[in-house]
Amino acid sequence: MKKMRSSTLFLVVAVLLLLPLVSAGEVIDQQQTQGGRLFKLGYAKCFNDPCTNPKYLTWAEQSFIPQKEKLAKVELRLIANYAGLYDPCKSNAEKFDVEIRTTDGDIIASKNDISVCGLPTKYNSAWTSIPLTAKLIPGEEYKIHVQYKGNAIWWKKDYQYNGFVLGWEMSKSNAYAEGKAKTNLWSTNNDFMFKTWGK
């Protein structure tokens, strides 16, 4: 009986000690977890044939509306593709920035010069955690902005697309009603895969 009481008391004390840690921890605030399409940064798109004026896909962003006032980090579903042409990790030249921006374009949090080395490769993207801390206004719109800073644009002899370095997976439909995806070339009702963690 004494042994049972001691075990019960220990359990109660452990729970009481852990409660502040749980309540003060990070929780998912906003998220969009449907995939199926891959947006390719470091890819040149042509609007005419033959390709005489390529347009480079250099940045992408996803808007969201937080419910928590403190942002702790974001997770993005990313992939690196070396296309078998060269290894960007040798020079560590292929990098990207992730920023939190207001609708006016003001940067309120950023993680700069993130190397593509270490990101998943081949055909399967994976969640990549990026620490970003900021004070947000619940109910206001913000943007997760990804800026590609590399120089690996690959071409075939006939100027057709031949590769990319950084990919961000997105949905095939309007999966997140509180925001939308946009790039330097177009906007869409589809949404990039993301999670915001708040407190």
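Presented here is a report on the structure given in the accompanying data block.

Cut-offs applied
Residues numbered from 1 in each chain as written. Predicted model: local features only at pLDDT ≥ 70, side-chain atom pairs only at ≥ 80, totals over all residues. Heavy atoms only, no water. Salt bridge = Lys/Arg side-chain N within 4 Å of Asp/Glu carboxyl O. Helix = DSSP H or I, 4+ residues; strand = E, 2+ residues; numbered from the N terminus. Phe/Tyr/Trp six-rings, centres within 6.5 Å; stacked < 30°, edge-to-face > 60°. Buried < 20%, exposed > 50% of the residue type's maximum accessible area, 1.4 Å probe, protein only. Lys, Arg positive; Asp, Glu negative; His and termini not counted. Polar contact = N/O pair within 3.5 Å; in protein donor to acceptor, adjacent residues only side chain to side chain. Contact = heavy atoms within 4.5 Å.

## Focus on the pattern of salt bridges
Step number 1: Here the structure, examined in full by the defined rule, presents six salt bridges.
Step number 2: Aspartate 97 serves as the salt-bridge partner of lysine 149, at 3.4 Å between the closest nitrogen and oxygen. Of the two residues, lysine 149 sits in the loop between β10 (142-148) and β11 (166-171) while aspartate 97 sits in strand β7 (residues 95-102), which places them 52 residues apart along the sequence.
Step number 3: Shared partners join several salt bridges into a network, and the residues in it are Asp97, Asp113 and Lys149.

## Some thoughts on the packing of aromatic side chains
Step number 1: A full pass over the atoms with the stated rule returns six aromatic pairs.
Step number 2: A ring pair is formed by phenylalanine 64 and tyrosine 142, whose centres lie 6.2 Å apart and whose planes are at 35 degrees; its orientation type is tilted. Of this pair, phenylalanine 64 sits in strand β5 (residues 59-64) while tyrosine 142 sits in strand β10; the two residues are 78 residues apart in sequence, bridging distant segments of the chain. Exposure class is identical for phenylalanine 64 and tyrosine 142. Each is buried.
Step number 3: Between tryptophan 168 and phenylalanine 192, the ring centres sit 4.1 Å apart and the planes meet at 15 degrees, which makes this aromatic pair stacked. Here the residue tryptophan 168 occupies a position in strand β11, and phenylalanine 192 occupies one in the loop between β13 (187-188) and β14 (194-198), the gap between them amounting to 24 residues. Across the pair, exposure class does not vary: tryptophan 168 and phenylalanine 192 are buried alike.
Step number 4: The structure contains a cluster of three or more aromatic residues connected by ring pairs, namely Phe39, Trp168, Trp186 and Phe192.

## Re the side chain of aspartate 191
Step number 1: Positionally, aspartate 191 belongs in the loop between β13 and β14.
Step number 2: Lysine 180 is the oppositely charged side chain nearest to the buried, salt-bridge-free aspartate 191, at an N-O distance of 9.5 Å.
Step number 3: A distance of 3.1 Å separates a polar side-chain atom of aspartate 191 from the backbone nitrogen of alanine 175.
Step number 4: Those residues within four positions of aspartate 191 in sequence are excluded, and the remaining contacts are Gln32, Gln62, Met170, Ser171, Ser173, Asn174, Ala175, Tyr176, Gly179, Lys180 and Ala181.

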